[in-house]
Amino acid sequence: MTVWRKLENEDCYAVAVYNFNSSKPFHLPLAVGELVHLERETELWYWGSSIRRDASGAFPKAYVTIRDCNVYRCGETVVASAGGSGVVHDIAVTLREWLQHWKLLYTTNDDRFKFMEVSMRALLELRAQAASGALPLDLLRRVARTAVFTIDKGNRALGMELAVRDVNGQLVDPLATSTFKLNALHDEANARIDKNMESTPASRPASTAGGARSFGVLVSVKNFVCRARAAAELALALHDAAGAQLTESVRLRWPPARGADLLAAPCGVFGDLGSDIKKEKIFLVCHVVRIGPMEPQNIDHRRSSVSPGAAPAPVGGMRRPFGVACADVTQHLAADHSDKEIQLPFYPCEKENNMDSLLKKVIANRDLKDQKQAQGLWVFLQMVEGDLKQIRQENPHIVVGNTAFARKMGFPEVILPGDARNDLYVTLCSGSFSKGGGKTSERNIELVARVVDKNGHTVPGVISVGAGVPLVNEYTSVVYYHDDRPRWQEVFKVCLNIDEFKEAHVVFLLRHRSSNEAKDRAERHFALAYLRLMQPEGTTTPDTQHSLAVYKIDYKRAGGAEAEAAAACLGLPWRRDELPAGCDRGLTRGPLALLPRDALLVATRLCSTKLTQREEILGVLKWSTHHAEDTLREALRRLQRVPNDELVKFLQDILDALFSILTQIDEEEAQYSERSYAVLVLDCLLQVIALVADHKYQHFQPVLAVYVERSFCDALAYEKLISIMVWAIRSAEAGELASKRLLQCMKCLESLTRVLVRSRQLRAALGSRATAAPAAAPAGEPADEPAYCPQLQNLLEALVWLMRCGDHALTCQGSALKYLPHAVPHMIRIYPDTQLCEYIVLALEALPLGRLSNQRLHALLELVRGPLGASEGPRAKLLPHLASTLRALLRAPAELDNAAHKSRSAGKAARLLGADTASLLDHTQQMQIVELCVETLGEVAALLARGDVGAVARDRGELARALLPTALRIAAATLQERRDDAARDDPLLRKLICVLLDMVRQMSEEQYAVVMRSLDAEGSGRSNALVTDALALMMSLLQRPVFRPHWADMLHLQHHVMLHALRLLATSVRANLDGAEAAGARAALPAWFRALGAVAASPAVQLERLGAARRARARALYGDLRRAAAALLADTWFGLEHHKRHFITPLVEPFLEVSFLCDEEVRNTTIPLFFDMMQTEFQHTSETGEGNLRSFENELIDKLDVLAEAGRGDAAWRARFVSLCGALCAASPPLREAGAELVAAAARQLDALLTYRAAPVQQRMYLITSVLRFYEEIARPHMYIRYVHRLAAMHRAAAHWAEAGLALQLHAKLLAWSDAPLPPRLRHPAAPHDHRTHLQLKVSLYEEVARLLDAGQQWELAVRVVQQLVAQCEARGARHAALAALHEQLARLYRAPLRETRLRHAYFRVRYLGRGFPAHLRHPKGFVHRGEECDMLHSFKERMLDEWPEAEVLLKLDEPPDDIVHSDGQYLQINAVTPVMAEKWQWLLDTPVEDRVLRYYEHNNVSKFEYSRPFHRPEDSIVTGDSKEDVSGANEFATRWLDRTELQISDPLPGILRWFPVTSSRSYAVCPLGVAVETMARTNRELKSVVLEAREPAAPLHPLTLKLQGILDSAVQGGLVNYELAFLTREYAARHPEHEALLQRLRDHIADQVPLLKSGLDVLAARAQQASLLAHLAACFRQMQQHVQQRYGKRASEPEEAPEVQLRAPARRAADAPASRGSDVSAGNESTPNKSKFVSSKINSALSNWARNSTSGTLPPKKRGRKSDVSLQSSASQWYTSTTNGNSPNSLSSLQQVNSLNSLHSAINSMVTGVNGNGSLGGVMDSPASPLRELRQELVTERPPRGEAERRASQRNSLVPSEPPSNRDSLGTTDSNQEDEEPPPLPQKQSHRSAELDAENNNDPAAPATRYNYDLVVSPRNSYLYQSRRRNTCERLPPSCEKAPTPPPKKRNQNNA
């Protein structure tokens, strides 16, 4: 026995590494990669469960491998994945869910398949990257973001539910989150998905609103290629569009000194860039400076980063301009992924240009930039976010240790308190210098900048020439050759601390550089200029350009050389605008002498947080000095006029100074005034705080917060600050200045409060208290509270006083409401929260209710979100006021005009409404108030749903009591006004519904009882109104959901809350049934049950439709809501007790709706309720009379039909209903009989309805009859009528007009011809109120039936319908106008069969074999289908195969074996059948009725059909003895028997269906003589019909000509001769004496044919004009007449025999031919009346019988034949194409579309016609064994001789002429240009026919002189007889006829096959 051991590790998982396929019951099949949870084990096996699907079992250990997995549990739901946690786990779970959907997309060929494939591959790649563990932090975050967005997009594409996650990436628990908050999370996720559906998310996350963003640009130099002749220095920097430098430069030596450095690319970061970096035009510029001698060495090779042996730069070499590399990087930086490698084209510097002008030229000249440059700098560029510290932390893989950081030449957007900076950027702009020393040429000037102290000594290491190089002592400029006016535009930075800054200055030394090294070493600095860093008043040098004075250095007078000169310059003016007048005559000091014509232009820019350039700021910072000088007030006023940009730079220093002034300076007066220092300090504080609050500087708000928390240290400021704030509030009425101050104070209330709170905390930390007496502490607060501040009470009281002020303080009141809630979190740190809340409520109550409603609601919203809402005590004070305020402000949106709310423009909406703009704005404001009220309610509900806010039961009850009825009424009204789509897209409505759901969700039964009692106390009926409104709202929400379909969590939570609400409502409804509100309760109870049924049947809670993971999660969170609903339904029903009898009828539908749910437990709970209903109904009816279940049965039958039609119910429910209710009824004696009958009726009804519903649409027409029969049996006329009209609608949609009319007659038969009122059960389902009496509806139906029958060409049936209408009108004395209209309609219907062409419908028998077909189709005898007009067997088969694509068609009609009948496949047995005229219409055959009418009854109103199959009996062959006569043709007739099968169907066709089942069948054999008799009778009947039709002047003659030629001039021996040889012999009579009657009938039919032929010839002679043809036919007729009369006698109706029959052709001119002859003209050709046209073609004489062969009624689609078989193909230009192989499926394709002679009239008319003034139109078909002959165009007026005819016959075996090759000689040519083309003549008869006759005469001397070949009987073309006849005929043909036929001409516009 196998012992399974339980694994110690419960979270042990394994991954399948092989496929395990096993069908054993306890094995678990596995697929590669499938994850399984291991539970138990043996030595070789594991037992576990699959994570992918809900299955468990055993599997071998060798097939799996144990892996460490990440497991996530939500209730019982376990989601596990191997490979890692976090994003790796999420991707694995998502791919597992997507796999099944992806497979389904593939099988359905969905367009989303490719998108999901790309998404899945992307997730696999992202998972591999994340699981590798090699990604840095920033790339890992990017991978996670991209994966989340890809998952969201894929879920949206698949229509899967939206997965809402928290900030940590975990799924949100709906039960632990309020509905309002959950809705907000769904909105955010949905908006994020919509935003990212079309694009991949950016690498940088979206910035938060109001937050400052700092960026950096990473530049990594990859290569530099140029024609360098010495070492170079690269200076990279960012420039704007004007060429101005934005950042410090990054200095690089190129090439690097060591070869190893080539592998590590130099890297630099340009930091401190603001958010405008993506908006402005930015250029990356690289200045290339050559280091070396004045003239470069003669080296001409390309210098690059890979060139070896680069010489190091010479020591002391000059810096010479070489060129500029520049590129526009704006687009690269603005792109989402700005990590690209770009090229900076290099432009060399020419001698006439300096580098600055070259750069501007390159930036301005677009054509120059777009040129391809071989030289350039290749760099890698990437945008990164954050400051320098953040960039280094987040990008350690990019920012390595030697990376250079170049800062922006200015302040960043945010200056943090710890970011101390003291940088001075000096730009060497240009210079203007005179020639000195008697030189005739300009000098090569080099400028050297040094920072020196007051003694002239150089300050070492304070000059930065760029990032990436260490600080230097001096900066050396570029040397331009022979240029006394150089333009450098070079920047260096001076880095000094504050103390050194005050005593230092910058000295610029000028020197001439010689190209001669010896001379150059002797050159000294010839002049000097200096730059002061500090102004005399203490400020720094302003940021501007400075024109410096240049002084010559006299080395003879300078003892200390340059140091002495640097110190002596401080006594001289440093700027040229400071030079005294007359200085050009000489200004000297020590070794310096002024050069009046020389100047040096430099620019400075200070970036310092300690040194200022503004005197106003310096005045406040030195406040003690100004206070001593009594100028502090003016300094404070001047501070208010300082530009904002300067204030924020020194924010911390200014605030420290202001608070020092506030606390350290005593006021001169006891009361505050405008001159008080405190008031001035308050004004300055308000300006600084307001500046930070401004949108432009809002990123400095964190700076202010950091200052207060960390840098602020004034412990006494709070007392002065509170007092001055109270004074500012109390003086609100003192004037405009005071009002503005108060408004500004309210705007800065939060920051001021933060400062005073921090000050109070600092004071408390020092160990003293603000109040000396502990008794001053309020009650309830401990006396030793260290931070308690009683002075704050004065401020709160002042705020309450402010709220009571009038209109003059309205703006200040609004500001106070806006900013006070933000100050509350700080106030509660120094003041009790409960007392604080009391003061706030007092302030809110002091403000009138209708005043500042918007601001009031905003304040309440913020207070709820703040700490007061989270504390139990303050919340108890706040919520009552909030509830009363919201209740007063809320109004139903139905009272407002929705048109204005939907309009985009206020003015436009006002014009539409006819109202002014003011009223419309009032409406908009009201809608804003409603939105704020809903938002506040949602926040309160979310607050009360938290578990960390203390006791909330009392608060929930108070909120529900005050606001639930109002919110319910508003939600119901709003939802009623919205459409379906509008409801889902209305966020306000969703929020309101979420508020209601939260209220109900948090409500207990006790709280609900309190709410109901309070409503009853307010007025009678209020509680019932609440119940009614709640139920109506639930139904509206279920019918028109407000949440999107893929918000699964929201929908499930909504149904969970609804079920809780229904449970609460049930208690009050049941209690009111016995009280004063019984009437309202009885009205509400059915609505309650309907709502419960709708909740349980909602698609969102059907767990079987959800995925496995989602189903498990829903069951773990909520359980199965359907089971809970079913239990509540049963409890409520049984709780009704004696009231149940009043609710049976209205509750059947909701009970059925719930019981139909696909859950076994639900059905077991709800189905017994129907038995309880039966008992209640039976008992109630027994009390009043005989017990019955009539009302319950009616309702059950009706609702079963309605719900089954809606897709509810299944066979399992039917079985469960029968078993449970049947057993209960059997156990109850009173219900044993009636209950069993009802259960059986319901089961039968459901069987019929389920079968009908499950069938395809095309099969429902048949199944609907079973439903009709059922409702007819149980006498449910209204349901019967509904399905009758549904059947008629199906027929209308399929254009089956006759069947639709016959179906409507079923409804009309239920009505009487009376004026009795029309009961509801007999009304028209589509128009139930249009007819009031039986007569009105019946007349309407009959009129519709007549129209439909007329459209379906069933005029005979329509006549009967109209006759009934006429009879009723006449009986009721209708007006003559109505009678006249009916009689006109009746006359038109009578004329229609005689005037209009009506094609016959084909009939087919179909048998459905195999279990693959539905049971209702597997009828043992099959069905008979009514096909389309002129339908062919192969077309019908194709339609059947289209309907059943998996079916196979059996090729034989034999009875199929059992392996086919009982197989699981689908097999079809299809054959054509011939209708048999009904017996009641047989009498028409003996009456002179119109042939068209007779043909109608032959093919309509028939219920019997037959089909025949020929077979041969050799024993019946003719015995010829020694005679040499050929009797093979006669043997065909003598041995040919027919196996005939007769079928009887259930209803006649046409009927209410297109097909009916076969009820009985009979098979019998027809002897050969009987076949001959039937054939002769049919031939005579058809001949008579053709003759009668041809008598009409307008009728075409070619059918008659065709018929006469086929009988009188048959091409092949057969017909009468074969009959005589086979049957009309003594031997046959002796052998078959029982056939004497049949022999006599055959003789009579032969004799009866002669007068018919004579009549036909008379008609032909009267109308035709082809004399030769008529003479030939007359001669043949005389021979036949003589033979027949000699052997079979003369008929009495036959005229007297004449020696010769004269056929006279009327001598009419062609011009006199009637217009009706136009129908005989060949289609596509124009007649030429002046030329004779003869058309003669030997067309098959079997054409008339071929379409009606006795075997199938139609020609099969495929047949076997030889080359001599004829194939006619339809074409637009000619009626034949070629002779094709008999095996071709297209053989005889055109002729297969005709099934009778009459249906060929128009076809033959269009195929074979001709016109001649003296001739007639004719077309002839030859016998089946003779091929068709081509039609030639020859001007021959008479028949050619026999030899010519034989020659033609031997050469032409096809319809296509062999010469000439053009097809214009053919009959169907439609060339409109050949108007005078001669028509083809009538060719002679085929030669082989005469040759055959002569041969027979020669071989048989006793043969008669003439042979009569009348082709009266033709075998079906697919029969053996036909093949043998054709074979025998072909064998007798001359050898010349056996050659291959001539190929046909190619069709135009047709490719070769």
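Residues numbered from 1 in each chain as written. Predicted model: local features only at pLDDT ≥ 70, side-chain atom pairs only at ≥ 80, totals over all residues. Heavy atoms only, no water.

Help me out: how do you make sense of the overall build of the protein in this one?
Looking only at helices and strands, the protein has 65 helices and 34 strands in total. In the protein, which comprises 1953 residues, the share counted as buried stands at 53%. Sequence-distant contacts, at least 24 apart, represent 74% of the contacts inside the protein between residues at least 6 apart. Split by element, the accessible area of the protein, about 87,200 Å² in all, is 50% carbon and sulfur. (Helix = DSSP H or I, 4+ residues; strand = E, 2+ residues; numbered from the N terminus. Buried < 20%, exposed > 50% of the residue type's maximum accessible area, 1.4 Å probe, protein only. Contact = heavy atoms within 4.5 Å. Areas by Shrake-Rupley, 256 points an atom, 1.4 Å probe, with all protein chains shown as cover.)

Got a minute to help me understand the pairing of strand 10 (residues 232-239) in this structure?
Successive residues of a regular strand alternate their side chains across the two faces of the sheet. A large share of strand 10 lies buried, amounting to 8 of its 8 residues. Burial of strand 10 is two-sided: the residues Ala232, Leu234, Leu236 and Leu238 facing one way and the residues Glu233, Ala235, Ala237 and His239 facing the other way are all buried. Across 8 bridges, the pairing between strand 10 and strand 13 (residues 283-292) is antiparallel. Looking at strand 13, one finds that Leu236 is bridged to Cys286. (Pairing = 2+ DSSP bridges.)

Hey, could you run me through unusual backbone geometry in this one?
Backbone geometry follows two general trends: most residues other than glycine have a negative phi, and most peptide bonds adopt the trans configuration. The peptide bond linking Leu1549 to Pro1550 adopts the cis configuration, its omega dihedral lying at 0°. Structurally, Pro1550 can be placed in the loop between strand 33 (1536-1549) and strand 34 (1555-1566). At Asn109, a residue that is not glycine, the phi angle is positive and equals roughly 55°. Relative to the elements of secondary structure, Asn109 occurs in the loop between helix 1 (87-107) and helix 2 (112-132). What makes Asn109 exposed here is its relative accessible area of 67%. A positive phi is found at Asp272, a non-glycine position, where the angle reads about 65°.

Any chance you could explain the nonpolar core here in plain terms?
Most often, soluble globular proteins keep nonpolar side chains buried together rather than apart. Among the nonpolar cores identified, the biggest contains 321 residues, and Leu636 and Tyr1271 are the most heavily contacted of them. When residues of this core are assigned to their parent elements, the largest contribution, 14 residues, is made by helix 17 (residues 677-693). Every residue in contact with Tyr1271, bar those within four places of it in the chain, is listed here: Ile1197, Asp1201, Gln1245, Leu1249, Arg1276, Met1279, Tyr1280 and Tyr1283. Ranked by size, the runner-up nonpolar core spans 71 residues in total, among them Val285, Ala449, Val494 and Ala568. (Core = buried A, V, L, I, M, F, W, Y, C linked by side-chain atoms within 4.5 Å.)

How should I be thinking about the packing of aromatic side chains in this particular structure?
The description of an aromatic ring pair uses the distance of the two centres, along with the angle that the planes make with each other. Scanning all chains against the criterion turns up 38 aromatic pairs. Relative to Phe1436, the ring of Phe1404 lies with its centre 4.4 Å away and its plane at 10°, an arrangement referred to as stacked. With a gap of 32 residues between them, Phe1404 in strand 28 (residues 1401-1409) and Phe1436 in helix 51 (residues 1433-1443) connect regions that are remote in the sequence. Like Phe1436, Phe1404 is buried. Among the aromatic residues, those joined into a cluster by ring pairs are Tyr1262, Tyr1408, Phe1413, Phe1423, Trp1444 and Trp1555. Directly above the ring of Trp1537 sits Arg1513, whose terminal nitrogen or CZ lies 3.9 Å from the centroid. (Phe/Tyr/Trp six-rings, centres within 6.5 Å; stacked < 30°, edge-to-face > 60°. Lys NZ or Arg CZ within 6 Å of the ring centre and 35° of its normal.)

Honestly, helix 45 (residues 1260-1273) in this entry has me stumped. Any pointers?
Every α-helical turn comprises 3.6 residues, leaving residues that sit three or four positions apart pointing alike. In a regular helix each residue adds 1.5 Å, so 14 residues correspond to 20 Å; helix 45 covers 20 Å between its end C-alpha atoms and thus fits that length. Within the sequence span of helix 45, burial applies to Met1261, Tyr1262, Leu1263, Ile1264, Thr1265, Val1267, Leu1268, Phe1270 and Tyr1271. Of the residues one or two after helix 45, Ala1275 is the one with positive phi, at around 60°. (Expected span 1.5 Å × (residues − 1).)

Could you clarify how one ought to interpret the environment of Thr966 in this entry?
Looking at the secondary structure, you find Thr966 in helix 31 (residues 953-977). Residue Thr966 is classed as buried on the basis of its relative accessible area of 8%. Considered as a pair, Thr966 and Ala888 are 78 residues apart in the sequence and their alpha carbons are 9.8 Å apart. Contacts of Thr966, omitting those with residues within four sequence positions, involve Arg887 and Leu890.

Before we go on, may I ask you to explain the environment of Leu236 in this structure?
Examined against the element boundaries, Leu236 turns out to sit in strand 10. Separated by 50 residues in sequence, Leu236 and Cys286 place their C-alpha atoms 4.3 Å apart.

How do you make sense of the pattern of salt bridges when you look at a structure like this?
Where charged atoms from two side chains of opposite charge approach closely, those side chains can pair. According to the stated counting rule, one finds 75 salt bridges in the structure shown. Among the salt bridges present, the one from Asp328 reaches Lys281, with a minimum N-O distance of 3.0 Å. Taken as a pair, Asp328 in strand 14 (residues 318-328) and Lys281 in the loop between strand 12 (267-273) and strand 13 lie far apart in primary sequence, 47 residues in all. Close ionic contact of Glu674 with Arg741 constitutes a salt bridge, the shortest N to O distance being 2.5 Å. With a gap of 67 residues between them, Glu674 in the loop between helix 16 (651-664) and helix 17 and Arg741 in helix 20 (residues 736-747) connect regions that are remote in the sequence. Residue Glu674 is classed as partly exposed on the basis of its relative accessible area of 36%. Among the ionic contacts, a cluster of salt bridges with common partners joins Glu1104, Asp1120, Arg1122, Arg1123, Asp1159 and Glu1161. (Salt bridge = Lys/Arg side-chain N within 4 Å of Asp/Glu carboxyl O.)

What is the right way to look at the packing of helix 22 (residues 792-803) against helix 23 (residues 810-827) in this model?
Two quantities define a packed helix pair, namely the angle between the helix axes and the distance between the axes. Relative to each other, helix 22 and helix 23 sit at 155°, their axes nearing to 11 Å. By the criterion of interaxial angle, the relationship of helix 22 to helix 23 is roughly antiparallel. Judged by the twist between their axes, the crossing of helix 22 over helix 23 is left-handed. Between helix 22, through Leu792, Leu795, Leu796, Leu799, Leu802 and Met803, and helix 23, the contact on the second element is made entirely by Cys812, Gln813, Ala816, Leu817, Leu820 and Met827. By residue class, the composition of the contact of helix 22 with helix 23 is 11 nonpolar, 1 polar and no charged. (Axes fitted to C-alpha atoms, helices over the stretch in contact; angles between N-to-C directions. Parallel < 35°, antiparallel > 145°, perpendicular 65-115°, else oblique. Left-handed = near helix turned anticlockwise from the far one by under 90°. Nonpolar A, V, L, I, M, F, W, Y, C, P; charged D, E, K, R; others polar.)

Just checking my understanding: could you explain helix 4 (residues 179-195) for this structure?
Between its terminal C-alpha atoms helix 4 stretches 24 Å, which fits the 24 Å expected from 17 residues at 1.5 Å a residue. Here helix 4 has its buried residues at Thr179, Phe180, Leu182, Asn183, Leu185, His186, Ala189, Asn190 and Ile193.

Got a minute to help me understand the packing of helix 22 against helix 24 (residues 833-846) in this structure?
Relative orientation of the contacting elements helix 22 and helix 24 amounts to 15°, with a least axis distance of 7 Å. Viewed along their axes, helix 22 and helix 24 adopt a mutual orientation that is roughly parallel. Considering the relative orientation of helix 22 and helix 24, their crossing is right-handed. Facing helix 22, whose interface residues are Gln793, Leu796, Glu797, Val800 and Met803, helix 24 presents Leu836, Tyr839, Leu842, Ala843 and Ala846. For the contact of helix 22 with helix 24, the residue count by class is 8 nonpolar, 1 polar and 1 charged.

Geometric values such as these leave the question of function open.
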